[in-house]
Amino acid sequence: MEDGRAELIVRDIVDSLREVIRRHGVTYPEYRRAVGFVMAAAERGELPLLCDVVLETAVDEAGGPGLRVPGATDSNVEGPFFAAGAPDLGGRADDGGPVALPMRPDEPGDRLVFSGTVRSAAGGAVPGAVLDLWQADAAGAYSRFAPGLPEWNLRGRVTAGADGAFAVRTVVPAPYDIPNEPHTARILELLGLGLHRPAHLHVRLEADGFEPLTTQVYFAGDPWLDQDCVGACRPSLVTKIEAANGDGYTCRFDFVLSPAG
Ligand code: BEZ
Ligand code: FE
């Protein structure tokens, strides 16, 4: 961050905190306790989660330098569970069907085929877009963060075809509770919120000539859509999950990318 901008933002943060202290008449013991609270959260390695829960949605809504054009898919928070370097799964499976995310042979949960297209805001297909996908399993756990799961379980990079179409075989992710870390849970409690997040698929899209897009896809009817503990869910990102003929479920989402600025 360049110095002038850092100066403006830091000044505003400090002014805002001082104003809260004066307005509420914060006492010395309360102030020392607050400092201890932040130190204890940092010592436990809990700060990235706490910050993502409380602040990341505002960062996403602030929208960076405003590169998103009208009609493009809304972005959404990345959250703390992304891992770079997921396996490259290519495009279609050998039989031309959906490509499968890495999963255990006995992966619990309902089968799901997630398909759609990647298009430009101008309307054309975006051939060869790469979708980096990550999701919780049917128990609400993320590989690389919860113990006992294969390293890249339910994570992978999928390439859209020449027509911008993609299709992925996976399982329906569960709504889940974010890790019950004491400082994060206490802040959420004070905000009148629980630990719940509605079920979602995380997607990070990249394509030559387009702005990268990090977003999430949610499912209509999820009981937690309006009570997302991070307040991230947007109506434009909610899709229908439907029973497939015979086996499992399907859902569709068409992504629209902004041209690179
Ligand atoms: C998540 O999607 O898992 C998440 C996002 C923001 C904060 C915490 C969790
Ligand atoms: Fe998530």
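Refer to the preceding data block for the structure.
Residues numbered from 1 in each chain as written. Chains lettered and ligands numbered in written order. Predicted model: local features only at pLDDT ≥ 70, side-chain atom pairs only at ≥ 80, totals over all residues. Heavy atoms only, no water.

1. Regarding the site of ligand 1
Moving on, step 1. In the vicinity of ligand 1, 14 residues are found, and the nearest of them are F81, Y176, R197, H200 and H202.
Moving on, step 2. Interatomic distance of 2.6 Å between a side-chain N/O atom of R197 and an oxygen atom of ligand 1.
Moving on, step 3. The separation between an oxygen atom of ligand 1 and a polar side-chain atom of H200 is 3.3 Å.
Moving on, step 4. When the free accessible area of ligand 1 is taken as 260 Å², the share hidden by the protein chains comes to 100%.
Moving on, step 5. Elements with a contribution of two residues or more to the shell around ligand 1: α3 (47-62) and β9 (200-206). (Near = heavy atom within 4 Å. Polar contact = N/O pair within 3.5 Å; in protein donor to acceptor, adjacent residues only side chain to side chain. Areas by Shrake-Rupley, 256 points an atom, 1.4 Å probe, with all protein chains shown as cover. Helix = DSSP H or I, 4+ residues; strand = E, 2+ residues; numbered from the N terminus.)

2. Quick look at the pattern of salt bridges
For side chains of opposite charge, pairing can occur when their charged atoms come near one another.
Moving on, step 1. Enumeration over the complete set of coordinates arrives at 14 salt bridges.
Moving on, step 2. With a closest N to O distance of 3.1 Å, D74 and R68 form a salt bridge.
Moving on, step 3. Residue classification places D74 among the buried positions, given a relative accessible area of 18%.
Moving on, step 4. Between R197 and D228 there is a salt bridge, with the nearest N and O atoms lying 2.7 Å from each other. Here R197 is found in strand β8 (residues 196-197), whereas its partner D228 is found in the loop between β10 (213-219) and β11 (238-239), with 31 residues between them in sequence.
Moving on, step 5. Residue D228 is classed as buried on the basis of its relative accessible area of 6%.
Moving on, step 6. Each of D60, R68, D74 and R234 takes part in a single network of salt bridges with overlapping partners. (Salt bridge = Lys/Arg side-chain N within 4 Å of Asp/Glu carboxyl O. Buried < 20%, exposed > 50% of the residue type's maximum accessible area, 1.4 Å probe, protein only.)

3. A few points about the side chain of R197
Moving on, step 1. You can call R197 buried: its relative accessible area is 4%.
Moving on, step 2. Among the polar contacts made by the side chain of R197, one reaches the side chain of Q216 at a distance of 3.0 Å.
Moving on, step 3. A distance of 2.8 Å separates polar atoms of two side chains, one belonging to R197 and the other to Y218.
Moving on, step 4. In contact with R197, other than residues within four places in its own chain, are P175, Y176, I178, Q216, Y218, W224, D228, C229, V230 and A232. (Contact = heavy atoms within 4.5 Å.)

4. Regarding the packing of aromatic side chains
Moving on, step 1. Across all of its chains, the model carries eight aromatic pairs by this definition.
Moving on, step 2. When the ring of F114 is compared with that of F166, the centres are 5.2 Å apart and the planes differ by 70°; the resulting orientation is edge-to-face. Taken together, the positions of F114 in strand β3 (residues 111-120) and F166 in strand β6 (residues 165-171) put the pair 52 residues apart, joining distant regions of the chain.
Moving on, step 3. The buried category is assigned to F114, whose relative accessible area is 1%.
Moving on, step 4. Assessed through its relative accessible area of 2%, F166 is described here as buried.
Moving on, step 5. Ring geometry for F166 and F255: centres 6.0 Å apart, planes at 40°, overall tilted. A residue pair is termed long-range when its members are at least 10 positions apart, and F166 in strand β6 and F255 in strand β14 (residues 255-257) qualify at 89 residues. (Phe/Tyr/Trp six-rings, centres within 6.5 Å; stacked < 30°, edge-to-face > 60°.)

5. Concerning empty space enclosed by the protein
Moving on, step 1. In this structure the tally under the stated criterion is one cavity of 30 Å³ or more.
Moving on, step 2. Of the voids in this model, the largest cavity is the one considered here, and its volume is about 120 Å³.
Moving on, step 3. Along its surface, the largest cavity is lined by 15 residues, and G79, P80, I178, R197 and V230 are the ones closest to its centre.
Moving on, step 4. Counting residues per element, the lining of the largest cavity draws most heavily on α3, at four residues.
Moving on, step 5. Looking at the lining of the largest cavity residue by residue, the class counts come to eight nonpolar, three polar and four charged. (1 Å grid on protein atoms, 1.4 Å probe; cavity = no way out; pocket = protein on both sides within 12 Å on 5 of 7 lines; lining within 4 Å. Points joined across faces, edges and corners; volume = space filled by probe spheres on them. Nonpolar A, V, L, I, M, F, W, Y, C, P; charged D, E, K, R; others polar.)

6. Points about the sheet that holds β10
Moving on, step 1. Read across the open sheet, the six strands follow the order β1-β5-β4-β9-β10-β11; overall the sheet is mixed. Strands with a single pairing partner mark the edges of an open sheet, and in this sheet they are β1 (88-90) and β11.
Moving on, step 2. As paired strands, β9 and β10 are joined by six bridges and run antiparallel to one another. Counted as the bridge partner of L205 is L213 from β10. (Pairing = 2+ DSSP bridges.)

7. Digging into the packing of α3 against helix α4 (residues 182-190)
Moving on, step 1. It is the contact of α3 with α4, at a shortest axis distance of 9 Å, that shows an interaxial angle of 20°. Classed by the angle they form, the pair α3 and α4 counts as roughly parallel. Judged by the sense of rotation from one axis to the other, the crossing of α3 with α4 is right-handed. Within the contact between the two elements, α3 uses L49, L50, V53 and V54 and α4 uses H183, T184, I187 and L188.
Moving on, step 2. Along the lines of polarity and charge, the residues of the contact of α3 with α4 split into six nonpolar, two polar and no charged. (Axes fitted to C-alpha atoms, helices over the stretch in contact; angles between N-to-C directions. Parallel < 35°, antiparallel > 145°, perpendicular 65-115°, else oblique. Left-handed = near helix turned anticlockwise from the far one by under 90°.)

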